[in-house]
Amino acid sequence: MNANRKSLTPLPAWTSLAKHSTEIKNVHLRELFAKDATRGERLTGEAAGLFLDYSKNRVTETSLKLLLQLAEECDLRGRIEAMFRGERINITENRAVLHVALRAPKNATITLDGKNVVPEVHAVLDRMTAFSNRVRSGEWLGHTGKRIKNIVNIGIGGSDLGPVMAYEALKHYSDRALTFRFVSNVDGIDFVEATRDLNPAETLFIVSSKTFTTLETMTNAETAREWLLQGLGGDKAAVAKHFVAVSTNAEKVSAFGIDTANMFGFWDWVGGRYSMDSAIGLSTMLAIGPDNFRSMLDGFHQMDEHFRTAAFDRNLPVLLGLLTVWYNPTFLMPRRSRSCHTNSI
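Given the structure is predicted, the values throughout are model-derived calculations rather than measurements. Residue indices begin from 1 for each chain and proceed along its sequence in written order. In keeping with the model being predicted, local features are shown solely for residues with a pLDDT of at least 70 and side-chain atom pairs are shown and tallied solely at 80 or more, while totals for entire chains, interfaces and linings include all residues. The side-chain figures draw on all heavy atoms in the structure; neither hydrogens nor water molecules are used.

Trainee: Would you mind going over the overall build of the protein with me for this structure?
Mentor: When helices and strands are counted, the protein shows 14 helices and 9 strands. Its C-alpha atoms put the protein at 70 × 45 × 35 Å along the principal axes. Contacts between residues were defined by any pair of non-hydrogen atoms, one from each residue, lying within 4.5 Å. Within the protein, residue pairs in contact and separated by at least 24 positions form 66% of the contacts whose partners lie at least 6 positions apart. By element, 51% of the accessible surface of the protein is carried by carbon and sulfur atoms, the whole surface being about 16700 Å². For this count, His and the chain ends are skipped, Lys and Arg are scored as positive, and Asp and Glu as negative. To locate a charge, take NZ of a lysine, CZ of an arginine, CG of an aspartate or CD of a glutamate. Charged side chains of the protein number 41 positive and 38 negative; the gap between the two group centres comes to 3 Å. Strands are runs of DSSP state E lasting at least 2 residues, helices are runs of H or I lasting at least 4, and numbering of each runs from the N terminus. In this description, accessible areas are obtained by the Shrake-Rupley approach with a 1.4 Å probe, and a residue is regarded as covered only by the protein chains that are shown.

Trainee: Even after reading the chapter, I still don't get the packing of aromatic side chains, so can you show me in this structure?
Mentor: Between two aromatic rings, the relevant description is the distance of the centres plus the angle of the planes. By convention, a stacked pair of Phe, Tyr or Trp rings (six-membered ring in the case of Trp) has centres within 6.5 Å and planes under 30 degrees apart, an edge-to-face pair has planes over 60 apart, and any other such pair is tilted. Throughout the structure, instances matching the rule amount to 11 aromatic pairs. Between the aromatic rings of Phe131 and Phe264, the centroid separation amounts to 5.5 Å while the plane-to-plane angle is 55 degrees, which identifies the pairing as tilted. Placement of the pair is Phe131 in helix H6 (residues 118-137) and Phe264 in strand S9 (residues 263-264), with a sequence separation of 133 residues. Phe264 matches Phe131 in its accessibility class, with the two residues each being buried. Taken together, a centroid distance of 5.3 Å and an interplanar angle of 40 degrees make the contact between Tyr167 and Phe180 tilted. Of this pair, Tyr167 sits in helix H7 (residues 158-169) while Phe180 sits in strand S6 (residues 179-183), and the two are 13 residues apart along the sequence. Among the aromatic residues, ring-to-ring pairing joins Phe191, Phe205, Phe212, Trp227, Phe243 and Phe256 into one connected group. Sitting over the face of the ring of Phe256, Arg225 holds its NZ or CZ atom 4.2 Å from the ring centroid. Partly exposed describes any residue whose relative accessible area lies between the buried limit of under 20% and the exposed limit of over 50%, with all areas from a 1.4 Å probe on protein chains only and scaled to the type maximum. By definition here, charges over rings are those cases where NZ of Lys or CZ of Arg is within 6 Å of the ring centre and within 35 degrees of the ring normal.

Trainee: Would you take a moment to explain empty space enclosed by the protein for this structure?
Mentor: A water-sized probe, rolled over the atoms, reveals where empty space remains. Here a cavity denotes a set of grid points, spaced 1 Å apart and computed over the protein atoms alone, in which a 1.4 Å probe fits but from which it cannot get out, and a pocket denotes an open set meeting protein on both sides within 12 Å along at least five of seven lines; residues with an atom within 4 Å of a point are reported as lining. Grid points are joined across faces, edges and corners, and a volume is the space filled by probe spheres set on the points. Within this structure, the stated rule accounts for 2 cavities of 30 Å³ or more. Its volume calculated, the largest cavity comes out at about 40 Å³. Considering the residues around the largest cavity, the lining is formed by Leu102, Val121, Val124, Leu125, Met128, Trp267, Asp277, Ser278 and Ala279. Polar here means any residue other than Ala, Val, Leu, Ile, Met, Phe, Trp, Tyr, Cys and Pro, which are nonpolar, and Asp, Glu, Lys and Arg, which are charged; Gly is therefore polar. Split by residue class, the lining of the largest cavity holds 7 nonpolar, 1 polar and 1 charged.

Trainee: Looking at this model, I keep getting lost on the nonpolar core. Mind explaining?
Mentor: Most often, soluble globular proteins have nonpolar side chains that are buried together. Met128, Phe131 and Trp269 are the most contacted members of the largest nonpolar core, which totals 77 residues. No other element matches the 7 residues that H6 contributes to this core. Excluding residues within four positions of it along the chain, Met128 makes contact with Phe264, Ser278, Ala279, Gly281, Leu282, Met285 and Phe293. In plain words, nonpolar cores are sets of buried Ala, Val, Leu, Ile, Met, Phe, Trp, Tyr and Cys residues tied together by side-chain atoms within 4.5 Å. Counting residues in each nonpolar core, the second largest holds 25 residues, with Ile154, Leu198, Val207 and Leu229 among its members.

Trainee: Hey, could you run me through the sheet that holds strand S8 (residues 243-246) in this one?
Mentor: Within a sheet, each strand pairs with its neighbour through backbone hydrogen bonds, oriented either parallel or antiparallel. The pairing criterion is simple: DSSP has to find at least two bridges between the two strands. Here we have 5 strands laid out as an open sheet, ordered S6-S5-S7-S8-S9, and parallel in their pairing. Across the chains shown, the open sheet's two edge strands, defined by having one partner strand only, are S6 and S9. Pairing of strand S7 (residues 203-208) with S8, which is carried by 4 bridges, proceeds in the parallel orientation. Within S8, the position partnered with Phe205 by the bridge is Phe243. Axis definition: a line fitted to C-alpha atoms, over the contacting stretch in the case of helices. Angles run 0 to 180 degrees between N-to-C directions. Across the sheet, helix H9 (residues 215-231) lies against strand S5 (150-154), S6, S7 and S8, angled at about 160 degrees from S7, the strand it touches most.

Trainee: What am I meant to see in the packing of helix H5 (residues 76-84) against helix H13 (residues 290-309) here?
Mentor: Helix-helix packing: each pair is described by the crossing angle between the helix axes and the interaxial distance. Where H5 meets H13, the axes come as close as 9 Å, and the angle between the chain directions of the two elements is 140 degrees. Relative to H13, H5 is oriented oblique. Every residue of H13 that contacts H5 at Arg77, Ile80, Glu81, Met83 and Phe84 is listed here: Asp304, Glu305, Phe307, Arg308 and Thr309. Here the contact of H5 with H13 is built from residues that sort into 4 nonpolar, 1 polar and 5 charged. Note that the term roughly parallel is reserved for angles under 35 degrees, roughly antiparallel for angles over 145, roughly perpendicular for angles of 65 to 115, and oblique for everything else.

Trainee: Help me understand the confidence of the model for the protein in this model?
Mentor: In low-pLDDT segments, the atomic positions of the prediction should not be examined closely. As a per-residue measure, pLDDT reflects the predictor's confidence and takes values from 0 up to 100. Counting all residues, the mean pLDDT for the protein is 91, and 92% of those residues have values of 70 or more. Below pLDDT 50 for its whole length, residues 1-5 participates in 11 contacts with residues either more than four positions away or in separate chains. Here residues 332-338 is modelled with pLDDT under 50, and outside its nearest four sequence neighbours on either side it reaches 15 contacts, counting other chains as well.

Printed below as a string of structure tokens:
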């Protein structure tokens, strides 16, 4: 059996949970509150400025006790530490899972294959900061000399969902002099609607694709380039003033017409779902400013440290992860092998 994988089904807590689940399958949440007037106060937690109320989940003290026992039996604490050490806990791709390094302070040390990755992270953050300040201040000008007023993020999956979510959640802190749009759907109407009221001379595109070959993203990027050139008289030199890239493929980025000095990289240990605090979050930084972006990263870091050090019965990410295990429909099928994976919590 792979060292990064541990079967849950033979564990005593798993067997007990399977039995327990049948014992309370007909218990309604109303009954749990009726029998325990303090439930709404007890089944809560707080960390890093976030408050968690999990009292509305259909669990009892026994359920929680067994779930916490399961976490101990499958050595969740050991797997958490393995993640922070840079071990390759992503067993399907044989990669480290180091999104925690993206929000680590500059003086931190997080190693992968003997190398501290934190300096590289902050080097990219510093370049993002310098670029964002140029755009937000009006120093960065488009091909015709006009100030950039519109930013369109082109990506898909984690290169789109995270930035969209962050922009909507943090809109209160955004620069209202700038307009932000997000394009991910390969259906042409998505791009048409995103740009219908924009002036090409005032528009900057962020193309987010690690390999710069992602089909949907590059299809939309090509459409964006055609739209820009059509609006600016066909001068291909305009592309370098209106496009930047979040990628690691300098050759493809250059061939597209983007100056590689305006290419912001990230690493294969950044999973797509966790990538918004890497260079994928460039649109977020442009919207809320570098200082607010770094404050957001500090909040992530505080929660990372809580996850790493807090006791499981008060650990917000662990509690939410265990509740996910409890609600997984395959949980009630003990014959099907399941495994512990830290990066899914």
